[in-house]
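Here are the chains, one letter per residue:
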Amino acid sequence: MVDKKLGGAGLRGQSAGETKLCTVGKSGSGLTYCGYDISDLADNATFEEVAYLLFNGELPNQVQLDGYNQELTQLRDLPEALKSVLRLIPADTHPMDVMRTGCSFLGNLEPEGDFSNQNQAANRLLAAFPAIMCFWYRYSHEGIEIECTSDEPSLGGHFLKLLTGSTPSAQHQKVMDVSLILYAEHEFNASTFTARVCASTLSDMHSCITGAIGSLRGPLHGGANEAAMDMIKQFNSPADAKQKMAGMLARREKIMGFGHAIYRESDPRNVIIKKWSKKLATEYGDSTLYYVSVACEEFMWESKKLFCNADFFHASAYFYMDIPTKLFTPIFVCSRLTGWAAHVMEQRSNNRIIRPSADYVGAEPRAVKAISQR
Ligand code: COA
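Thresholds applied
Residues numbered from 1 in each chain as written. Predicted model: local features only at pLDDT ≥ 70, side-chain atom pairs only at ≥ 80, totals over all residues. Heavy atoms only, no water. Helix = DSSP H or I, 4+ residues; strand = E, 2+ residues; numbered from the N terminus. Buried < 20%, exposed > 50% of the residue type's maximum accessible area, 1.4 Å probe, protein only. Near = heavy atom within 4 Å. Polar contact = N/O pair within 3.5 Å; in protein donor to acceptor, adjacent residues only side chain to side chain. Axes fitted to C-alpha atoms, helices over the stretch in contact; angles between N-to-C directions. Parallel < 35°, antiparallel > 145°, perpendicular 65-115°, else oblique. Left-handed = near helix turned anticlockwise from the far one by under 90°. Contact = heavy atoms within 4.5 Å. Nonpolar A, V, L, I, M, F, W, Y, C, P; charged D, E, K, R; others polar. Expected span 1.5 Å × (residues − 1). Bend = angle between axes of the 7 residues up to and from the residue.

Participant: Please provide a residue-by-residue account of the environment of Ser287, values included.
Facilitator: Take Ser287: it is sitting in the loop between helix H13 (268-284) and helix H14 (288-304). The exposure class assigned to Ser287 is partly exposed, which follows from its relative accessible area of 22%. Put simply, Ser287 and Tyr320 are 33 residues apart on the chain and 9.2 Å apart in space, counted from C-alpha to C-alpha.

Here it is, written out as structure tokens:
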């Protein structure tokens, strides 16, 4: 039987396999990718270097990075058939559903085929996802049909340029880069585990990533940054935030952007994005949302010993960069795709189909009665 007290529900605390990609809550600041601490990567690497690291196990040298950047840049454009599908998706569709359809449809047009092409399939999705999101968003919301390529060297800058039509500031490019690094990988979280289960059946890359997008969509996982934004924009001051949050807790409501299944005292990604949120607030010229967020953080720690996870200060950071709230979780997709694909590759390299058992708690054995007697 699943013992909830021992943490069995939700498979909490149980190892479900091995990975060389990531540790969560074990060493360094609490999160490492391939042995590198997240704070070191956020300070000293680009998102493209992190993607290369996850796909190849080592950081690239300059020649390798130049080649990789060039490859990604050449893979950014979308096929006309995919644009036709994106044009058909209504404006009120959940953007995560757009990402799911975009990924799946690209798999129709460019099937992975042989697994020897898996890096290419992953790189193609990585390069194309910002355009899938922005092409649909700007066509459906603004009636504008954008070019899907740009002269921005980084993927983060490319996304911002497609979204706004103008060259992002150096600070915005840097924050997007850091944000993509922070969201890139997180061990056996729900969406990654979804991707690995799918990979274990020897399914294709697009199916694994499409399934992972579906898992990330829920508010208990990736959707928390949007839910946090919806909450904090209702608070008009730090005092107002504390008062309204007290009411939410009294009504036993979940506060999105707080708590974590593995971390117990803090999420190492929070301190990094919080620092950038503060800098963005200063540049924006109105720090209210930042200080409202700080008040929420203080209140939750004082009252429930709950801490901000990576999603909470991402809400204000993205707000200060004028990113529409409904695109917050799709940005997470653009980043976490690297972790998902790396796990798909790792699963394939030493595969056995994932098939756990269940404790049966249903009816005792019984016979089917004739329908007239039921
Ligand atoms: N707001 C209010 N209470 C919370 C909470 C939150 N954000 N997070 C946890 N709690 C409560 C739980 O309800 C539980 O209370 P109980 O013992 O009275 O039932 C207690 O704190 C311990 O919860 P815990 O076991 O640590 O959480 P979990 O592992 O079941 O769930 C999350 C982890 C992330 C799903 C959960 O913290 C949550 O729902 N957070 C909000 C959504 C979110 O931000 N998700 C993004 C994750 S990166």
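Participant: Any details on the site of the ligand? Residues and values, ideally.
Facilitator: Close to the ligand lie 20 residues, the nearest being Lys254, Ile255, Gly257, Phe258 and Asn309. Leu220 is positioned with one of its backbone polar atoms (N or O) 3.1 Å from a nitrogen atom of the ligand. Taking Arg264, its side chain carries an N or O atom lying 3.4 Å from an oxygen atom of the ligand.

Participant: Requested: an account of the packing of helix H12 (residues 238-250) against H14, with residues and values cited.
Facilitator: Between H12 and H14, the least distance of the axes is 8 Å, while the angle of their chain directions is 40 degrees. As summarised for this structure, H12 and H14 are arranged oblique, according to the angle between their axes. Between H12 and H14 the crossing geometry is right-handed. Within the contact between the two elements, H12 uses Pro238, Ala241, Lys242, Met245, Ala246 and Leu249 and H14 uses Tyr291, Val292, Ala295, Cys296, Glu298, Phe299, Met300, Ser303 and Lys304. Residue composition of the contact of H12 with H14, by class: eleven nonpolar, one polar and three charged.

Participant: Break down the packing of helix H9 (residues 190-200) against helix H10 (residues 205-216) for me, with residues and values.
Facilitator: The N-to-C vectors of H9 and H10 enclose an angle of 150 degrees; their axes lie 8 Å apart at closest approach. Considering their axes alone, H9 and H10 lie roughly antiparallel with respect to each other. Judged by the twist between their axes, the crossing of H9 over H10 is right-handed. Contact residues: Ala190, Ser191, Thr194, Ala195, Cys198 and Ala199 in H9; Ser207, Cys208, Gly211, Ala212, Ser215 and Leu216 in H10. Split into classes, the residues belonging to the contact of H9 with H10 amount to seven nonpolar, five polar and no charged.

Participant: Pulling in residues and values, what's your account of unusual backbone geometry?
Facilitator: Of note, the phi angle at Glu187 is positive, near 55 degrees, even though the residue is not glycine. Relative accessible area serves as the criterion here: at 17%, Glu187 is assigned to the buried category. Phi is positive for Asp322, which is not a glycine, with a value near 60 degrees. Tracing the sequence through the fold places Asp322 in the loop between helix H15 (310-320) and helix H16 (328-349). The class of Asp322 is exposed, set by a relative accessible area of 57%.

Participant: Account for H16, with residues named and values stated.
Facilitator: Here H16 is 22 residues long and its end C-alpha atoms lie 32 Å apart, about the 32 Å a rise of 1.5 Å per residue gives. At Arg336, H16 shows its maximal bend, which comes to roughly 40 degrees. Among the 22 residues of H16, 21 are classified as buried, and the element is accordingly described as predominantly covered.

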